[in-house]
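# A structural walkthrough
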Amino acid sequence: ELKVEQNPLFLSMQEGKNYTIYCNYSTTSDRLYWYRQDPGKSLESLFVLLSNGAVKQEGRLMASLDTKARLSTLHITAAVHDLSATYFCAVDRTSGSRLTFGEGTQLTVNP
Amino acid sequence: DSGVTQTPKHLITATGQRVTLRCSPRSGDLSVYWYQQSLDQGLQFLIQYYNGEERAKGNILERFSAQQFPDLHSELNLSSLELGDSALYFCASSSTGQGVEQYFGPGTRLTVT
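Now for a look at the structure at hand.

What counts, and where the lines are drawn
- Residues numbered from 1 in each chain as written.
- Chains lettered and ligands numbered in written order.
- Predicted model: local features only at pLDDT ≥ 70, side-chain atom pairs only at ≥ 80, totals over all residues.
- Heavy atoms only, no water.
- Contact = heavy atoms within 4.5 Å.
- Buried area = accessible area lost by both parts, 1.4 Å probe.
- Salt bridge = Lys/Arg side-chain N within 4 Å of Asp/Glu carboxyl O.
- Helix = DSSP H or I, 4+ residues; strand = E, 2+ residues; numbered from the N terminus.
- Nonpolar A, V, L, I, M, F, W, Y, C, P; charged D, E, K, R; others polar.
- Phe/Tyr/Trp six-rings, centres within 6.5 Å; stacked < 30°, edge-to-face > 60°.
- Buried < 20%, exposed > 50% of the residue type's maximum accessible area, 1.4 Å probe, protein only.
- Disulfide = S-S within 2.5 Å.
- Pairing = 2+ DSSP bridges.
- Axes fitted to C-alpha atoms, helices over the stretch in contact; angles between N-to-C directions.

What follows deals with the interface of chain A and chain B. The interface is formed by 19 residues belonging to chain A together with 21 residues belonging to chain B. Carbon and sulfur atoms supply 53% of the area that chain A and chain B bury against each other, a total of about 1,500 Å² over both sides. On the surface where chain A and chain B come into contact, there are zero salt bridges. Taken together, the elements giving at least two residues each to the side of chain A that touches chain B come down to strand S4 (31-37), strand S5 (43-49), strand S9 (85-92) and strand S10 (99-101) of chain A. Of the residues forming the side of chain A that touches chain B, the biggest block, four residues, is contributed by S4(A). A class-by-class count of the residues in the side of chain A that touches chain B yields seven nonpolar, eight polar and four charged.

So, about the packing of aromatic side chains. Per the counting criterion, the structure on display carries nine aromatic pairs over all chains. Where A:Tyr35 meets B:Phe104, the ring centres are 5.2 Å apart and the plane angle is 80 degrees; that geometry is what we call edge-to-face. Here B:Phe104 lies in strand S10 (residues 103-104) and A:Tyr35 lies in strand S4, a pairing that spans two chains. Assessed through its relative accessible area of 1%, A:Tyr35 is described here as buried. In this structure an aromatic cluster arises from ring pairing among A:Tyr35, A:Phe88, A:Phe101, B:Tyr35, B:Phe45, B:Phe90 and B:Phe104.

Residues and elements named next belong to chain B. Inspection of the entire model under this criterion finds two disulfides over all chains. Here Cys 23 is linked by a disulfide to Cys 91, with a sulfur-sulfur distance of 1.8 Å. Negative torsions about the S-S bond denote left-handed disulfides, and the value of about -50 degrees found for Cys 23 with Cys 91 makes this one left-handed. Residue Cys 23 is found in strand S3 (residues 19-24), and its partner Cys 91 is found in strand S9 (residues 87-94); the two are separated by 68 residues along the sequence. Note on accessibility: Cys 23 and Cys 91 belong to one class, buried.

Another aspect to go through is the sheet that holds strand S1 (residues 4-7) of chain A. All names here are of chain A. The strand order S1-S3-S8-S7-S6 describes an open sheet built from five strands, whose pairing is antiparallel. Each edge of the open sheet carries a strand with a single partner, namely S1 and strand S6 (55-58). The average undirected angle you get between the axes of adjacent strands in this sheet is 15 degrees. Judged from the six bridges that link them, strand S7 (residues 61-66) and strand S8 (residues 71-76) form a sheet pairing that is antiparallel. Pairing of Asp 66 across the sheet is with Leu 71, part of S8.

What follows is the structure, given as structure tokens:
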């Protein structure tokens, strides 16, 4: 059974600081997705990582994928309050299309 | 706005009742997925349809069923509702059935009292 684990689950950080969210998964997959969710809202796609070594950046967020280590990271640079949200990673098993989600990381950026 | 629509946005009903949640995928997308988000279970995959046919099944209860119609919209039917079925139900769509980005709808919040 595919398991996806994120850490930390809760992250409180100050504006201007850097931090990394980690996503580990248990079985082989070449496709990893990062989503953002604001309270009571839908999931917004942030990054799609499709191969080993993939790195994508958008604004203050950068995501990377190491399929050999079964690890993805979401790095936050110089955090701002608008980044406060819950971030989910999800893995798409190579044999299928369903997404298996991590528990989510609830990020709070304080002024 | 992802282009995926879901109705209704909110639904409040009593235990034992039956409800239907509706989803319209993005224009051109053939695949529809249903997910359930609850505090205790997190985000869980329920079921996938591709071009009218069931493609994959996840942690979907026997009391729940779904279908995808010829116009590609999908409905999720929940029956004999229990308090524990209270959750946010998301529909997502993608262009094909495998290995591509899924776009999520706004969700239907179901409250069972």
